[in-house]
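Here's the letter readout for the chains.
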Amino acid sequence: MEALLVIAGLVVIAVPVTTLVLVVLVVSLRRQVAAHSREISALHAALNSGASSDAQAAPAQSAPAQPPTPKPQRAAPPAARVVQARKADTPPRGPALLERTATWVAGNWFYVVSAISLGLAGLFLVQYGVENGLFPPAFRVLGAIGFGAALVVAGEVIRRRSGDDAGASTAYLPSVFCSAGIVSMFGGVLAARLLYDLIGAELALAGLVAVALLALVIGWLLGPLLAAVGLMGAFAAPFVVGGSSEDTSFFFAYFTLIASLGLGIDTLRRWAWVSVLSVVMGFAAIGLLWEADPGASLAFGLSSAALAVLAALIPARGLVPDHAGPMLAHVARAARPIFPVWLAGGALAVGSGFLVILSPGPGGGAEFWLAVGLLFALAGLWIVWSRRAPALQDQAALPVLGLLAAVALQADRSVARGFRTAAEMPEGDFPFAVSALVGIGLALSLLAAWRSLRGGPDRMLWAVGAALVAPALAVVTEVTWQPALAIGAYPWALHAAALAVFMTALAVRFAGLDGSHDRLRAAVFVLSALACMAFALLLILSLAALTAALAVTVLAAALLDRRFDLRPMGLYVAAGVATIGYRLLADPGLDWALAAPWAELTLSHGAVFGAFALSLAVLPARRDEARLMLDSALWSVGALSISVIAWRLLETATGFSGEFAHWTLGLLATIWIAAALAQLQRLSGRRALRWVRAALAGVFGLVAIGPLAAAILLANPLLTSWGPDVVGLPLLNTLAVAYLLPALVLGTGALRLRALPVTLRAALGGAALGLGALWAFAAIRHVWQGAEAMRLHQGMGQGELYTYTVALLLIGAGLFYQSLARGSSLLRRAGLVVLGLAVAKVFFVDISGLGGLVRVVALLVLGLALAGLAWLDRWAQSRGGGAREGPNQSGGSTPTPPEV
C-alpha cells in the first residue's frame with residue numbers, strides 16, 4: 001500500500017513537471033513558426049511591390065517590331081472595390097465545433113491532462129486524509145478548499161504577469177491552474193456536506209454557488225472552459241447538496257439568474273456553446289424542479305417564459321432584440337440564420353412547450369390561464385419585437401401554436417368542465433371563458449395586422465397571420481370545447497359574427513391603404529371574413545340551409561373576385577367546393593339526402609348546383625384552378641342529384657326501401673363514379689395536389705366497383721331472383737337506372753377528360769360500352785319476356801333472338817355513320833367488329849334457333865345490310881382517300897359514291 005502511495009505521489013509530481021517541459025518546448029516551436037511566417041509574408045510583399053513598380057516604370061514603345069501590349073482592364077468603381085475587398089477579407093467558414101474541439105485537444109492534450117491531474121490532487125488530498133486519519137474532517141475540507149484557492153491564485157498571478165493568449169509563453173497555464181482549483185474547491189464543499197455532514201444544505205448551497213460564481217468570473221477573463229465548469233457546478237449544486245424546502249420559488253429564480261450569467265458571458269466573449277449550455281441546463285433544471293414540486297406552477301411558468309425572453313434579449317445587448325438576416329424558415333431555401341436566431345428560436349420553442357405542458361394542471365384552471373396569459377405575452381412580444389428584429393418574425397408562430405395546443409388539451413379538464421357547468425346553472429352568470437379566448441385571438445390578430453400596416457418585405461406574411469389567428473383559435477375552441485352545447489348556438493355564433501365584422505373592417509382598412517394596384521392583403525381578410533360567416537352559419541342553420549349558405553358564400557367569393565380582382569378568392573372557391581362536396585357525400589351525406597324532406601333536399605342540392613353554375617359563369621377566366629374545381633363539381637353534383645332523386649322516386653313507386661336492388665346499386669355506383677371522375681378532371685390543376693386527387697379518384701373508384709359488381713352479378717334480373725323484379729315500362733324502367741345511367745356517366749367522362757392517358761380513357765369507354773350493351777340486352781329481353789320471365793334459364797323465343805341480330809346491325813350501321821361523319825377510322829373498325837358479331841350470331845345461333853320464314857327473312861336482311869354497308873365502307877374509304885389527295889381540302893366537289 002505504501003508503495004502504491006509513493007508511486008501515486010511520483011505521478012502527481014511528475015505530471016505537472018512534464019507538462020511544464022512540454023509547454024516550454026511548444027512555446028519555442030511556436031515562436032520559430034511565427035518568425036518563419038513573418039519572413040514569408042515579407043518576401044511576398046516585396047515581390048508584389050517590385051512587380052508593380054516595374055510595370056509603372058516601363059516606358060511605352062511604339063516600334064513596329066514590338067508586339068502590341070494587351071489593353072489594360074478598366075479599374076472597378078470604388079463601390080465594387082469595397083465589395084471585392086469585403087469578400088476577400090471574409091474568412092471562410094471554419095470547421096464544426098466538435099471538430100475544432102477535437103483538434104485543440106489533440107494539439108494541447110498536455111494542458112488537459114495537467115488540469116485533470118491538479119484537480120484530482122485536491123480531491124485525493126481529502127481521500128488521503130480519510131484513509132489515514134491524519135487530520136480532523138474540518139481540516140481536510142479546508143485543505144481541499146485551500147489547495148484549490150491556491151491554484152486559482154497562482155493561475156491569476158500568471159495571467160496578470162505573462163498573459164494567457166495563444167502567443168504568450170504561458171499560454172493556457174492560467175486556465176489550467178484555475179480550472180483545477182475550481183474542481184478542488186467544488187470537491188471540498190461537497191465533501192463537507194456529503195461525507196462529513198459538517199454544514200447544512202443552505203450553507204452548502206451558498207458555498208457551491210460562490211464557487212460557481214467565482215468560476216464564471218474567472219471564465220469571463222480566461223476562457224469558455226472555466227465558464228462551462230462554473231455553469232455546470234452552479235446548476236448541479238441545488239440537486240447535489242440535498243435537503244428540503246417548503247418554497248422552491250427561490251430556486252427557479254436562481255436557475256434563471258445562472259442562465260442569464262451564462263448568456264451574458266457569451267454576449268461579451270462570443271462563445272456560442274456557453275449560451276447553448278446555459279439555456280439547455282436552465283430549462284432542464286426548472287423542469288426537474290417542477291417535476292419534484294408540481295405546486296410551484298407560477299414560478300415554473302414565469303421561469304419558462306423568462307428564459308425564452310432572456311435568450312432573445314441578452315445576445316442583443318438591449319431591451320429590444322435586433323436580430324437581422326434570414327429567418328429560421330429560410331433554411332428551406334438554403335439560407336443560414338445567424339446563431340442568435342437559432343438560440344432565440346430554440347429557447348422560445350422549449351419555453352412554449354413547457355407552458356403547454358403546464359396548462360392542463362390540476363389547480364382549478366389557474367395553470368391554464370397562467371399558461372394562456374404567458375403564451376399570449378410571448379406571442380405579442382415577438383410580434384412587436386420583430387419590427388426591429390426581422391429574423392425573429394416566423395418565431396411568433398411558436399407561442400401561437402402553443403396557445404392552440406393549450407386550448408385543445410383543456411377539452412376535458414377543469415376549465416372546460418367548469419365552463420359547461422356554469423352555463424348549465426340557470427341562476428349563474430354568463431361564463432366568459434370562451435369569450436376571453438376569442439378576445440385573446442382578436443388581440444393577436446390586431447397586433448399582426450399592425451405589423452402588416454408598418455410595411456416591410458414581409459407585410460403579406462403578417463396579413464395572413466392576422467387573418468388566421470383569431471378564427472383558428474375559435475375553431476379549435478369549437479372542436480374541443482363545443483361551446484354551443486353550453487351557452488347555446490346563437491350566443492356562440494355571435495362570437496363568430498364578431499370575428500367576421502372585425503375581419504371586414506381590416507379588409508376595408510387595407511383596401512384603402514393599398515389601393516387598386518395591390519389587393520392581396522385586403523383579399524386575405526375578405527377570405528377570413530367569409531370563413532367566419534360560414535362558421536357562424538354552421539352553428540345556427542339546419543343541415544340543408546347550411547349547405548345552401550356555403551354555396552352562396554362561394555358565389556359571393558366569385559362575385560368579389562370579378563368586381564375587385566381579388567386573386568385569393570379563387571382559393572376560397574376551391575376550398576368551398578371541396579367542403580360542399582364533403583357535405584354532400586359524407587356529412588350529412590347520402591343517408592341524409594335519401595331520408596330528408598323534399599323541400600330540404602331541393603334547397604341543398606338545388607342551391608349548390610345553381611350557385612356553382614353562376615360562380616363558373618362570373619369567375620374570371622384566369623382563375624384556372626377554381627374554374628376547374630367548379631366545372632368538375634357541376635358534373636358530379638348533377639350526377640349525384642339525379643341519382644338521389646331517382647332513388648327516392650323509385651322507392652316511392654316500388655315500395656322497396658332496401659339497398660339490395662339492381663337500381664339502388666346502380667345509383668350508388670353512379671354517385672361514386674361521378675365523384676371519381678371529378679377528381680380525375682382536377683388532375684390537370686395544381687401539381688402539389690395531383691397525388692391527393694389521384695388517390696381520392698382511386699378510392700372513389702374502388703368504392704364504386706362494389707355496388708356496380710353487385711348490380712351486375714348478384715342483383716341482375718337476368719341471372720338471379722334475389723332482388724326485386726324490373727319495374728317500369730319498356731325502355732323506361734329500373735334497368736336504365738341500374739345500367740344505362742352509370743354507362744352514360746362513364747362515357748361522358750371518357751369523352752370530356754381529354755387530358756387523361758389514352759389507356760385510362762379507353763378503359764372508361766370500354767366500361768361504358770359494356771354497361772350499355774348489358775342494358776340493351778336486358779331491355780330487349782324485358783320487352784319480349786316481361787318482368788316475371790327475365791331469367792336467362794327460362795329460354796329465348798325466335799322474336800327475341802332475331803331482335804338481338806337487328807340491334808347489332810343497327811349499332812354497326814350507326815358506328816359506320818359516325819365514322820363517316822367524324823372521319824374516324826377507330827369507329828369504322830368498331831363498326832366492323834359489331835357487324836362481325838352480327839354475322840357470327842346469324843350463322844352460329846340464328847340458323848339453328850330460327851325456323852321457317854323467320855330464318856329466311858333473317859338471312860335476307862343480313863345479306864342486304866352487309867351489301868349496303870360494303871358500299872358505304874368503300875365510299876367512306878374513297879372519300880378519305882380523296883381528302884388525303886387534297887382536292888376537297890378547301891372546299892370542292894364531294895366525291896361521287898362508287899357504283900355498286
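What you are looking at is a predicted structure, and each value in this text was computed from that prediction instead of being measured. (Residues numbered from 1 in each chain as written. Predicted model: local features only at pLDDT ≥ 70, side-chain atom pairs only at ≥ 80, totals over all residues. Heavy atoms only, no water.)

### Describing the nonpolar core
Of all hydrophobic cores here, the largest spans 168 residues; its most connected members are Trp382, Trp481, Phe525 and Phe612. Per-element accounting of this core gives the leading share, 13 residues, to helix 20 (residues 520-540). Setting aside its immediate chain neighbours within four residues, Trp382 contacts Ala308, Val309, Ala312, Leu348, Leu392, Gln395 and Ala396. Among the nonpolar cores identified, the runner-up in size contains 16 residues, and Tyr739, Leu774, Ala778 and Met790 belong to it. (Core = buried A, V, L, I, M, F, W, Y, C linked by side-chain atoms within 4.5 Å. Buried < 20%, exposed > 50% of the residue type's maximum accessible area, 1.4 Å probe, protein only. Helix = DSSP H or I, 4+ residues; strand = E, 2+ residues; numbered from the N terminus. Contact = heavy atoms within 4.5 Å.)

### Remarks on the environment of Ser528
Secondary-structure assignment places Ser528 in helix 20. Residue classification places Ser528 among the buried residues on the basis of a relative accessible area of 6%. Spatially, the C-alpha atom of Ser528 lies 7.2 Å from that of Ala500, the residues being 28 residues apart in sequence. In this structure, Ser528 is in contact with Ala467, Pro471 and Met503, ignoring residues within four places of it in sequence.

### Observations concerning the side chain of Asp561
Of note, Asp561 is situated in helix 21 (residues 543-564). Beyond its immediate stretch of four places on either side in the chain, Asp561 contacts Leu566, Arg567, Met569, Gly570, Leu619, Pro620 and Arg623.

### Describing the pattern of salt bridges
Within the structure shown, the criterion is met by 8 salt bridges. Across the pair Arg623 and Asp565 runs a salt bridge, and its minimum N-O distance is 2.9 Å. Here Arg623, found in the loop between helix 24 (598-618) and helix 25 (624-654), pairs with Asp565, found in the loop between helix 21 and helix 22 (569-585); they are 58 residues apart in sequence, far enough to count as distant. Owing to a relative accessible area of 8%, Arg623 belongs among the buried residues under this scheme. Residue Glu800 is joined to Arg781 by a salt bridge in which the shortest nitrogen-to-oxygen separation is 2.9 Å. Within this pair, whereas Glu800 is found in helix 30 (residues 798-822), its partner Arg781 is found in helix 29 (residues 758-785), the two being separated by 19 residues in sequence. (Salt bridge = Lys/Arg side-chain N within 4 Å of Asp/Glu carboxyl O.)

### Considerations on the packing of helix 12 (residues 339-358) against helix 13 (residues 366-385)
Where helix 12 meets helix 13, the axes come as close as 8 Å, and the angle between the chain directions of the two elements is 160°. Taken together, the axes of helix 12 and helix 13 are roughly antiparallel relative to one another. Pair helix 12 / helix 13 crosses with left-handed handedness. Residues Leu348, Ser352, Leu355, Val356 and Leu358 of helix 12 lie in contact with helix 13, whose contacting residues are Glu367, Leu370, Ala371, Leu374, Leu375, Leu378 and Trp382. Looking at the contact of helix 12 with helix 13 residue by residue, the classes come out as 10 nonpolar, 1 polar and 1 charged. (Axes fitted to C-alpha atoms, helices over the stretch in contact; angles between N-to-C directions. Parallel < 35°, antiparallel > 145°, perpendicular 65-115°, else oblique. Left-handed = near helix turned anticlockwise from the far one by under 90°. Nonpolar A, V, L, I, M, F, W, Y, C, P; charged D, E, K, R; others polar.)

### A few points about a nonpolar patch on the surface
A cluster of nonpolar side chains, namely Phe660, Leu713, Leu714, Leu719, Trp722, Leu792 and Met796, defines an oily patch on the protein surface of about 720 Å² accessible area. Residue placement: Leu714 occurs in helix 27 (residues 690-714). Overall, Leu714 belongs to the partly exposed group, its relative accessible area being 38%. (Patch = residues over 30% accessible without salt bridge, like charges linked within 9 Å, V, L, I, M, F, W, Y side chains within 5 Å. Areas by Shrake-Rupley, 256 points an atom, 1.4 Å probe, with all protein chains shown as cover.)

### Here's the deal with the packing of aromatic side chains
This model, assessed by the stated rule, comprises 10 aromatic pairs. Centre to centre, the rings of Trp672 and Phe700 are 5.5 Å apart; their planes meet at 45°, and the pair counts as tilted. Remark: Phe700 occurs in helix 27 and Trp672 occurs in helix 26 (residues 662-681); sequence separation between them is 28 residues. Taking the relative accessible area as the measure of exposure, Trp672 reaches 17% and is therefore buried. Consider the rings of Phe777 and Tyr804, whose centres lie 4.6 Å apart with planes at 20°: the pair is stacked. Separated by 27 residues along the polypeptide, Phe777 in helix 29 and Tyr804 in helix 30 bring together distant segments of the chain. By relative accessible area, Phe777 is classed as partly exposed at 26%. Through pairs of rings, three or more aromatic residues link up here, namely Phe283, Trp290, Phe300 and Phe354. Between Arg648 and the ring centre of Trp598, over which it is positioned, the NZ or CZ distance is 4.6 Å. (Phe/Tyr/Trp six-rings, centres within 6.5 Å; stacked < 30°, edge-to-face > 60°. Lys NZ or Arg CZ within 6 Å of the ring centre and 35° of its normal.)

### Details of helix 10 (residues 272-292)
Along an α-helix, residues three or four positions apart point the same way, because every turn accommodates 3.6 residues. For helix 10, built from 21 residues, the straight-helix expectation of 30 Å at 1.5 Å per residue is met to within 8% by its first-to-last C-alpha distance of 31 Å. Every buried residue of helix 10 is accounted for by Val274, Ser275, Leu277, Ser278, Val279, Gly282, Phe283, Ala285, Ile286, Gly287, Leu289 and Trp290. (Expected span 1.5 Å × (residues − 1).)

### Describing the packing of helix 29 against helix 30
It is at 10 Å that the axes of helix 29 and helix 30 come closest, and there the two elements cross at 145°. Considering the relative orientation of helix 29 and helix 30, their crossing is right-handed. Two secondary-structure elements touch here, helix 29 through Phe777, Ile780, Arg781, Trp784 and Gln785 and helix 30 through Gly799, Glu800, Thr803, Tyr804 and Ala807. Of the residues that constitute the contact of helix 29 with helix 30, the class distribution is 5 nonpolar, 3 polar and 2 charged.

### What about unusual backbone geometry?
Residue Pro588 is bonded to the preceding Asp587 through a cis peptide linkage, with omega at 5°. By the element assignment, Pro588 lies in the loop between helix 22 and helix 23 (589-595). The backbone of Gln482 sits at a positive phi, close to 50°, despite the residue not being glycine. Secondary-structure assignment places Gln482 in the loop between helix 17 (459-481) and helix 18 (484-487). Positive phi, close to 55°, is recorded for Asp565, a residue that is not glycine.

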